[in-house]
Amino acid sequence: MGQSIRAIDIVAPKSFQGNPELIIGSLITDIGRRGKHLIFEFENGCGMLVHLKMSGQMIICRDDPADCLNDGDDPSGRLYDQNEKYTRVKFKISNGQELLFNDMRRFGFVRVLDQNQMQTLEEDLGLGVEPLEDDFTADHLSKLLKKKPKSLIKPFLLDQSNIAGIGNIYADEALFAAMIAPDRQAGDLSAGEIANLAEVIQEVLEKSLKLGGSSMRMYVQTDGSRGSFLDQANVYGKEGFLCSRCNEGKIVRLKIAGRSSHFCPVCQR
DNA sequence: CACTTGACCTGTCCGC
DNA sequence: TGCGGACAGGTCAAGT
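Some details on the nonpolar core
Counting residues in each nonpolar core, the largest one holds 31 residues, and the members touching the most others are L141, I153, L157, I163, L197 and I201. Where this core is concerned, the elements lending two or more residues are α3 (138-147), α4 (153-158), α5 (168-177) and α6 (191-210). Here this core takes seven residues from α6, the largest share from any one element. In this structure, L141 is in contact with F136, F156, I163, I194, L197 and A198, ignoring residues within four places of it in sequence.

Rendered as structure tokens:
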């Protein structure tokens, strides 16, 4: 923030949408997030929307650009596949740093928005409540669930138009913490279960933030270091392991709504 | 309408 | 060692 973008090198046109000229030279006044989207705001009213999808990274190169492009077993903890080969867009920042958008699978994108698109961004994204904001309460969650009583709770949590930002790992971990089976129907949850679920969603997300996120393979923080949340996961990636809570069930993995879902069949009901 | 599947890409891992 | 298939943090569009 407080810098501007001097130049944009679009290495992969498919990963870049909109007119790059709109944001070149204008001061970055805010960098924020809505759900899984990153939003850069510029002094001239234009903006830049970024979604990392499955494998995207935004990396700040502080000194030598080569510093964040190594692909070896760097003791600093950088991922082996954080490689220049996957750099799709390069931003030259006015302070001399370089900001890279890397994305192996090319699902992610960078999109420049004009002033009008910035005005309607919130509606256009169509995202639900932010789970870490004050307005995400048990009461709020209860009302959301009542609107889609037949929806299974797992796909409900993944639907960004309900709650914005919960992905597959966090849906599984939150349902484990709430002792709710992923294939329960939204309308069948008791008031107590709903209140508890709202609480543990926040706890799971906050814990992951503290640990730097879930670095399965590609995700890194802007300095290239990885997060350690998965080291402490109870169900995600734990298929076949004994449940850490009841010590009785074995964690199973089932496809629910097309997504791998991990849970303890004994203590999640 | 609501849910599921396939597609988008590229890579890894596992079994044969 | 090679090869095919399944699977991977997300989200659309199309199909049922």
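Examining the protein's contact with DNA strand C
Around DNA strand C, 20 residues are found, and the nearest of them are K36, R217, M218, Y219 and Y236. The contact atoms of DNA strand C, taken as those within 4 Å of the protein, divide so that sugar and phosphate hold 54%. For DNA strand C, a phosphate oxygen lies 2.6 Å from a polar atom in the side chain of K36. Between a base nitrogen of DNA strand C and a main-chain N or O atom of Y219, the distance comes to 3.1 Å. Broken down by secondary-structure element, the contributors of at least two residues to the surface near DNA strand C are α5, β10 (252-256) and β11 (259-263).

Some remarks on the packing of α3 against α6
Look at α3 against α6: their axes get within 8 Å of each other, and the N-to-C directions meet at 115°. Comparing their axes, α6 and α3 come out roughly perpendicular. Relative to α6, α3 is oriented so that their crossing is right-handed. Touching A138, L141, S142 and L145 of α3 are I194, A195, L197 and A198, all from α6. In the contact of α3 with α6, the residues fall into seven nonpolar, one polar and no charged.

Examining the pairing of strand β6 (residues 56-61)
A regular strand carries its side chains on alternate faces of the sheet. Counting buried positions over the six residues of β6 gives five, a clear majority of the element. Bridge count between β6 and strand β8 (residues 98-103): six bridges; the pairing is antiparallel. The partner of C61 across the bridge, within β8, is E98.

Looking at unusual backbone geometry
Phi is positive for M179, which is not a glycine, with a value near 60°. Looking at M179, the relative accessible area reads 41%, which means it is partly exposed. Phi is positive for A257, close to 55°, though the residue is something other than glycine.

A few points about the protein's contact with DNA strand B
Contacts to DNA strand B come from K14, K85, Y86, M104, R105, R106, F107, K150, S151, R217 and A257. Considering the 4 Å shell around the protein, atoms of DNA strand B inside it are sugar or phosphate in 68% of instances. Between Y86 and DNA strand B, the recorded distance is 2.5 Å, taken from a side-chain N or O atom to a phosphate oxygen. Contacts to DNA strand B include R106, whose side-chain N or O atom sits 2.9 Å from a phosphate oxygen. When the residues that make up the surface near DNA strand B are grouped by side-chain class, the tally is four nonpolar, one polar and six charged.

Focus on the state of the cysteines
On inspection of all chains with the given rule, the structure shows zero disulfides. Summary of cysteine pairing: C243 is not part of a disulfide, and the nearest cysteine sulfur, belonging to C267, is at 3.6 Å.

Let's talk about the sheet that holds β6
Hydrogen bonds along the backbone pair up the strands of a sheet, which may run parallel or antiparallel. Taken in spatial order, the four strands make up an open sheet running β1-β7-β8-β6, and their pairing is antiparallel. Lying at the two open borders of the sheet, with one neighbouring strand each, are β1 (5-10) and β6. Strand after strand, the sheet turns through a mean of 15° between neighbouring axes, direction not considered.

About the cut-offs
Residues numbered from 1 in each chain as written. Chains lettered and ligands numbered in written order. Predicted model: local features only at pLDDT ≥ 70, side-chain atom pairs only at ≥ 80, totals over all residues. Heavy atoms only, no water. Core = buried A, V, L, I, M, F, W, Y, C linked by side-chain atoms within 4.5 Å. Buried < 20%, exposed > 50% of the residue type's maximum accessible area, 1.4 Å probe, protein only. Helix = DSSP H or I, 4+ residues; strand = E, 2+ residues; numbered from the N terminus. Contact = heavy atoms within 4.5 Å. Near = heavy atom within 4 Å. Polar contact = N/O pair within 3.5 Å; in protein donor to acceptor, adjacent residues only side chain to side chain. Axes fitted to C-alpha atoms, helices over the stretch in contact; angles between N-to-C directions. Parallel < 35°, antiparallel > 145°, perpendicular 65-115°, else oblique. Left-handed = near helix turned anticlockwise from the far one by under 90°. Nonpolar A, V, L, I, M, F, W, Y, C, P; charged D, E, K, R; others polar. Pairing = 2+ DSSP bridges. Disulfide = S-S within 2.5 Å.

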